[in-house]
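# Remarks on the overall topology
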There are 2 protein chains.
Amino acid sequence: MSRPKVLVVGSGGVGVMSALGLTTVDKSDVTLVVRSDYDRVMQHGYYIKSRTYGEIKAWKPPKIARSVKEAAENNVEYDFIVLTTKNIPDGAMTCEDIIRPAVTAKSVIVLVQNGILIEEPMIKAFPHNVILSGVSLIGSSNIDCVINNSHKDTLKLGLFDNPNISPEVGKAAREEYRRIYQNDDININNVILDDDTKRTRWEKLVYNSVFNTITAIVGLDINSLQINGANDTLFRPAMKEISAIAASEGVEIPTSVHEFFLHIGDGLFYKPSMLVDVRKKQLCEIEVILGNPLKIAARNGVPTPVLSTVYHLLSMVQFRTKIDNGSIKIDQELFRGQDSDKFPEIFAASPGSRI
Amino acid sequence: MSRPKVLVVGSGGVGVMSALGLTTVDKSDVTLVVRSDYDRVMQHGYYIKSRTYGEIKAWKPPKIARSVKEAAENNVEYDFIVLTTKNIPDGAMTCEDIIRPAVTAKSVIVLVQNGILIEEPMIKAFPHNVILSGVSLIGSSNIDCVINNSHKDTLKLGLFDNPNISPEVGKAAREEYRRIYQNDDININNVILDDDTKRTRWEKLVYNSVFNTITAIVGLDINSLQINGANDTLFRPAMKEISAIAASEGVEIPTSVHEFFLHIGDGLFYKPSMLVDVRKKQLCEIEVILGNPLKIAARNGVPTPVLSTVYHLLSMVQFRTKIDNGSIKIDQELFRGQDSDKFPEIFAASPGSRI
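Not measured: the values here are computed from a predicted model.

Residue and element names in this part refer to chain B. Most of strand 1 (residues 5-9) is tucked away: four of the five residues are buried. Of the pairings in the sheet, the one linking strand 1 to strand 2 (residues 29-33) comprises five bridges and is parallel in character. Within strand 2, the residue paired with valine 6 across the bridge is valine 30. Crossover handedness for the path strand 1 to helix 1 (residues 13-25) to strand 2: right-handed.

This is how it looks when you write it as structure tokens:
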């Protein structure tokens, strides 16, 4: 068999471990896009502390590119483009624009990302490419080129509904990715073929749309909030709403799933990634985690009093982050004597992001 | 006429200016309780920058006490006890306990504080004392003994419903306080006799329960949130709920009041006091501003989807403040292997506040 070319985009904890997994299996040629850490990784590699791979002091991906554009130079064509970045459509760049320079007719796009409806803009941008759903259960972080990987790499690999691609073509692409990603030793990594992508993603949302959002707004870990009674006042009511939205899409989530997630972190005082993002003044995945479910709720007439308020408050936190990191500048003079009901219009009409 | 004795409790912006107002009128003997700044004020006084009083470089109240207890030593009896502290029943000390050492049979208690139902615990603690409602519109802050006072001192003085006190007795006490507080020059200060205390307090809540709480949760001033569309997504929906609760108590608030408050700060980028409190890691007045209105809503069957979620989130922020300022310590070891649904019980059962 030929050796497919794989481009891994996003060099966070999941991206680096995905590149390591592919390289270890050694059935593909791997390129990892590394932006801000490029020089450091070229010189010293990553320091990997992994539950399954053990300690690797200076791991370098076979090929490293500074950008997707650089990776695509000289007409290199990738069989797979594996996107492991956060998905922030309201951020500096959409996911479609991030990978666009490397997408060719033959590229299979693998979205190893959280959230709902993430395939829609991708299908719109690349209507004739196969797009696969990857839900990673690896548990991995990258802090200053040190990778801490707590769990075995398990990847749930599924298909998205795509009117332009026949299920057979999708399944063949998925089988090929499984072949190059799956380790013979399933104690190292494991691919699960997932034939209910929709359910998988909605069930993960029960956790992410509730714990990530609420801890990010109030700035405390899950257990501390539970000590203050949040299971009854916030978490269960919010989980019921997410499940009601899922049910309106034909996905019934039993309350045992709520209880499972409510207790999965008992005693761990865990800080979800969104809370960490907000503390670091980084943008968070509000739209794919909560905005998109609420769009579906509105379409299907599902009431969401708790989650809508959480969403609107978190939107304000996201706005604060944009002010803090300088991507939005408010020119207060511009608003003197202005009617506050006209503020959003002024904002929209203002040149650039200086408002 | 005799010179009544007045004890002013609380030496924030409003308390110091109240003591200055009483002293200027010079119809009463004033004692101000000053706790943490006692030595500094005894030595240097306050530096006052006031719109109406101008600049006073070292103003000292006629008498200063370190505590309410010290103020009450030698059986001094006060005709008026004016309470200008924040009202935080879930804090270290209730307002009743704060003033208790100085309360005698003849004390008239003046609550110059925000919120709803603040009279209830006070009437319970001191059933036969007259309790007056003071709503101050002064706009005054005390930062390191520098008093910045932006508005003319206007005090709306009203009666609370009190089954033990006849309206005549209440009105006589109020008239006496007006006499000693009202300046002949109403450009300096002004007492408005308020015969609809309930409406006054509910209308002020339209502002406080909405702007204070939401800005405190998300950490941004009012105008910045309005620029991001908060009038439509959060502020108006929340104001409608507060007005619905008020209506269930017989107080109809026209939407013109909402619009007045939505625009009162246009262009000012104002940070409400609760936002300032949270940033300084100080407890905020969540219960009298939002908890009590929601208790009334529950009693009267008024739906409050937005405000209830805001309340529960703000409760978590208040809990975070208690952790940050050390009044609650979480012993994480205690929770290893515990069921998160039992956390509140463990919390309640724990000795002291170390949990």
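So much for the structure itself; the text now carries on.
We now examine the sheet that holds strand 10 (residues 146-149) of chain B. Think of a sheet as strands paired side by side through backbone hydrogen bonds, with each pair either parallel or antiparallel. Residue and element names in this part refer to chain B. Spatial strand order, 4-3-10-9: four strands in an open sheet with mixed pairing. Looking at strand neighbours, the two that pair on one side only are strand 4 (54-59) and strand 9 (140-143), the edges of this open sheet. For this sheet, the mean inter-axis angle between neighbouring strands, taken without regard to orientation, is 15°. Sitting on the sheet, helix 1 is in contact with strand 3 (46-50), strand 4, strand 9 and strand 10, with an inclination near 110° to strand 9.

A few words on the nonpolar core. Of all hydrophobic cores here, the largest spans 155 residues; its most connected members are Ile99(A), Trp202(A), Phe235(A), Trp202(B) and Phe235(B). Residues in contact with Ile99(A), not counting those within four places in the same chain, are Val9(A), Val68(A), Ile81(A), Leu83(A), Ile109(A), Met122(A) and Phe126(A).

Moving on: the domain arrangement of chain A. Residues and elements named next belong to chain A. Assigned domains of chain A: these are domain 1 (5-195) and domain 2 (200-325). For domain 1 versus domain 2, the separation of C-alpha centres amounts to 25 Å. Contact with domain 1, which involves 20 residues of that partner, is made by 19 residues of domain 2. If you look at where domain 1 meets domain 2, you find two salt bridges. Between lysine 86 and aspartate 277 there is a salt bridge whose closest N-O contact spans 3.1 Å. Where domain 1 touches domain 2, the interface holds 14 residue pairs in polar contact (both at pLDDT 80 or more). Sorting elements by how many residues they give to the side of domain 1 that touches domain 2 places strand 8 (residues 131-136) first, with four residues. Of the residues contributing to the side of domain 1 that touches domain 2, the split by class is eight nonpolar, eight polar and four charged.

Side chains three or four residues apart in an α-helix point the same way, a direct result of the helix having 3.6 residues per turn. All names here are of chain B. Spanning 20 residues, helix 13 (residues 305-324) covers 29 Å between terminal C-alpha atoms, matching the ideal 28 Å at 1.5 Å per step. In terms of burial, helix 13 is largely enclosed, as 15 of its 20 residues are buried. Glycine 326 sits one or two positions beyond helix 13 and adopts a positive phi of about 85°.

Let us look at the side chain of Thr213(B). Residues and elements named next belong to chain B. Structurally, the position occupied by threonine 213 is in helix 7 (residues 197-218). Residue classification places threonine 213 among the buried residues on the basis of a relative accessible area of 0%. A polar atom in the side chain of threonine 213 sits 2.6 Å from the backbone oxygen of serine 209. If near-sequence neighbours (up to four positions away) are discounted, threonine 213 is found in contact with Asn208, Met274, Ile289, Leu290, Val310 and Leu314.

What counts, and where the lines are drawn
- Residues numbered from 1 in each chain as written.
- Chains lettered and ligands numbered in written order.
- Predicted model: local features only at pLDDT ≥ 70, side-chain atom pairs only at ≥ 80, totals over all residues.
- Heavy atoms only, no water.
- Buried < 20%, exposed > 50% of the residue type's maximum accessible area, 1.4 Å probe, protein only.
- Helix = DSSP H or I, 4+ residues; strand = E, 2+ residues; numbered from the N terminus.
- Pairing = 2+ DSSP bridges.
- Right-handed = clockwise from strand over helix to strand, strands pointing away.
- Axes fitted to C-alpha atoms, helices over the stretch in contact; angles between N-to-C directions.
- Contact = heavy atoms within 4.5 Å.
- Core = buried A, V, L, I, M, F, W, Y, C linked by side-chain atoms within 4.5 Å.
- Domains from an automatic or database assignment.
- Salt bridge = Lys/Arg side-chain N within 4 Å of Asp/Glu carboxyl O.
- Polar contact = N/O pair within 3.5 Å; in protein donor to acceptor, adjacent residues only side chain to side chain.
- Nonpolar A, V, L, I, M, F, W, Y, C, P; charged D, E, K, R; others polar.
- Expected span 1.5 Å × (residues − 1).

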